[in-house]
Amino acid sequence: MSRVLEVCVDSVDSALNAFNGGKLKVIKQVCRQMPVFVMIRCRGGDFLYNDHEMNVMKSDIEILKPHADGFVTGALNRDGCIDVDKTKELISLCRPLPVTFHRAIDMTCDISQALEDVIALGCERVLTSGGEQTVLEGLLTIKQMINQANSRIVVVPGGGITERNIDRILGELGINEFHCSARRTRQSDMSYQNTAVTMGGTFSPPEFSLKIADTDRIRKILKPS
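Fair warning: this is a prediction, and the values are worked out from it, not measured in the lab. Residue numbers restart at each chain and count upward from 1, following the sequence in its written direction. For a predicted model such as this one, the threshold for reporting local features is a pLDDT of at least 70, and the threshold for listing and counting side-chain atom pairs is 80 or more; totals across whole chains, interfaces and linings nevertheless cover every residue. Side-chain metrics rest on all non-hydrogen atoms present in the structure, leaving aside hydrogens and water.

Caption draft 1: Structural detail: the nonpolar core. With 51 residues, the main nonpolar core has Phe 101, Ile 105 and Ile 153 as its most contacted residues. Each helix is a run of DSSP H or I of at least 4 residues and each strand a run of E of at least 2, with the numbering of both proceeding from the N terminus. The leading source of residues in this core is helix α4 (residues 111–120), at five residues. Any two residues whose heavy atoms approach within 4.5 Å are treated as being in contact. Beyond its immediate chain neighbours, meaning those up to four positions away, Ile 153 contacts Leu 115, Val 118, Ile 119, Cys 123, Glu 124, Arg 125 and Val 126. Joining through side-chain atoms within 4.5 Å is the link that ties buried Ala, Val, Leu, Ile, Met, Phe, Trp, Tyr and Cys residues into a set, and such a set is a nonpolar core. Accessible area is worked out with a 1.4 Å probe on protein chains only. A residue is then buried under 20% of its type maximum, exposed over 50%, and partly exposed in between.

Caption draft 2: Summary view of the pairing of strand β3 (residues 36–39). Any two strands are treated as partners once DSSP identifies two or more bridges connecting them. Across three bridges, β3 lies against strand β4 (residues 70–73) in parallel orientation. The partner of Met 39 across the bridge, within β4, is Val 72. If you view a crossover with the strands going away from you and the path from the first strand over the helix to the second runs clockwise, you call it right-handed. Crossover handedness for the path β3 to helix α2 (residues 51–64) to β4: right-handed.

Caption draft 3: Highlighting the packing of helix α5 (residues 139–149) against helix α6 (residues 166–173). The geometry of α5 relative to α6 is characterised by a closest axis approach of 10 Å and an angle of 40 degrees between their N-to-C directions. Accordingly, the angle class assigned to the pair α5 and α6 is oblique. Between α5 and α6 lies a crossing of right-handed hand. Across from Leu 139, Ile 142, Lys 143 and Ile 146 in α5, the residues of α6 making contact are Arg 168, Ile 169, Glu 172 and Leu 173. Any residue outside Ala, Val, Leu, Ile, Met, Phe, Trp, Tyr, Cys, Pro, Asp, Glu, Lys and Arg is labelled polar, Gly included; the first ten of those are nonpolar and the last four are charged. The residue makeup of the contact of α5 with α6, split by class, is five nonpolar, no polar and three charged. All axes here are fitted lines through C-alpha atoms, helices being fitted over the stretch that makes contact, and every angle between N-to-C directions spans 0 to 180 degrees. Relative orientations are named as follows: roughly parallel for angles under 35 degrees, roughly antiparallel for angles over 145 degrees, roughly perpendicular for angles from 65 to 115 degrees, and oblique for any other angle. In this scheme, a crossing is called left-handed if the near helix is turned counterclockwise away from the far one by less than a right angle; it is called right-handed if the turn is clockwise.

Caption draft 4: Fine view of the pattern of salt bridges. Only one rule defines a salt bridge in this text: a Lys or Arg side-chain nitrogen within 4 Å of an Asp or Glu carboxyl oxygen. Taken as a whole and judged by the stated rule, the model has twelve salt bridges. Measuring nitrogen to oxygen at the nearest pair gives 2.9 Å for the salt bridge that ties Arg 217 to Glu 163. Remark: Glu 163 occurs in the loop between β7 (154–157) and α6 and Arg 217 occurs in helix α7 (residues 215–222); sequence separation between them is 54 residues. Residue classification places Glu 163 among the partly exposed positions, given a relative accessible area of 25%. In the salt-bridge network here, residues are joined through shared partners; they are Glu 6, Arg 125 and Glu 177.

Caption draft 5: Region of interest: α2. Expected helix span is computed as 1.5 Å times (number of residues minus one). With 14 residues, α2 should cover 20 Å at 1.5 Å per step; its first-to-last C-alpha distance of 20 Å lies within 8% of that length. Among the residues of α2, those classed as buried are Glu 53, Met 54, Met 57 and Ile 61. Along the long axis of α2, the arc covered by the buried residues comes to 100 degrees, so they all point the same way. Across from the buried face of α2, at angles greater than 90 degrees, the exposed residues are Asp 51, His 52, Glu 62 and Ile 63. In this description, the arc belongs to the directions extending from the helix axis to the C-beta atoms.

Caption draft 6: Broad picture of the state of the cysteines. Throughout, a disulfide means two cysteine sulfur atoms within 2.5 Å of one another. Enumeration according to the criterion identifies zero disulfides in this entry. Lacking any disulfide linkage, Cys 81 is separated from the closest cysteine sulfur, that of Cys 109, by 3.7 Å. Relative accessible area serves as the criterion here: at 28%, Cys 81 is assigned to the partly exposed category. Using a relative accessible area of 56% as the deciding quantity, one classes Cys 109 as exposed.

Right, here's the structure in full:
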């Protein structure tokens, strides 16, 4: 059974490397050479959105829809449940394109009920680490989600997947579709580097160190041991 890898990218280089590595879906980077599922999320942090943030995400969908092959989105209520009404609004704007509910499901108070809500909303896929930091830690819950879904939705594991653990993960889950970033660190080509300044706050990553999807890692992940 061939593997279906969704690569999460946030740069042109990552998108091109993902394509050259043999990926089948790419999130967050519009690239005409390959199918693209665009992440609709107006900021980092939680998934509790006010009306202004919802308007921004709706506008993003309308702008990107002519170029996208699908969307990845979702919203939560204050109590940690799926915000069915707001998510439904976003999904309706995405149609007729397919929709993946993102890892907001891992932040819900009841992941089993959340899965039923996502299925009822008509999402084609749900991305999850089983409510844990990594897929390996959430493996049992992901198994339960796959059984609960019973082919009503595609459950896609994502979070901490590498070439070292992919065989075990797919083997234990009995699936072939998964999500990862397959990143490596590339140093900046800047000849002058002002190391006294970082852009984006106190806890920013190194300014002259870039994370990009790696072609070789993608090929290794796609090739069964």
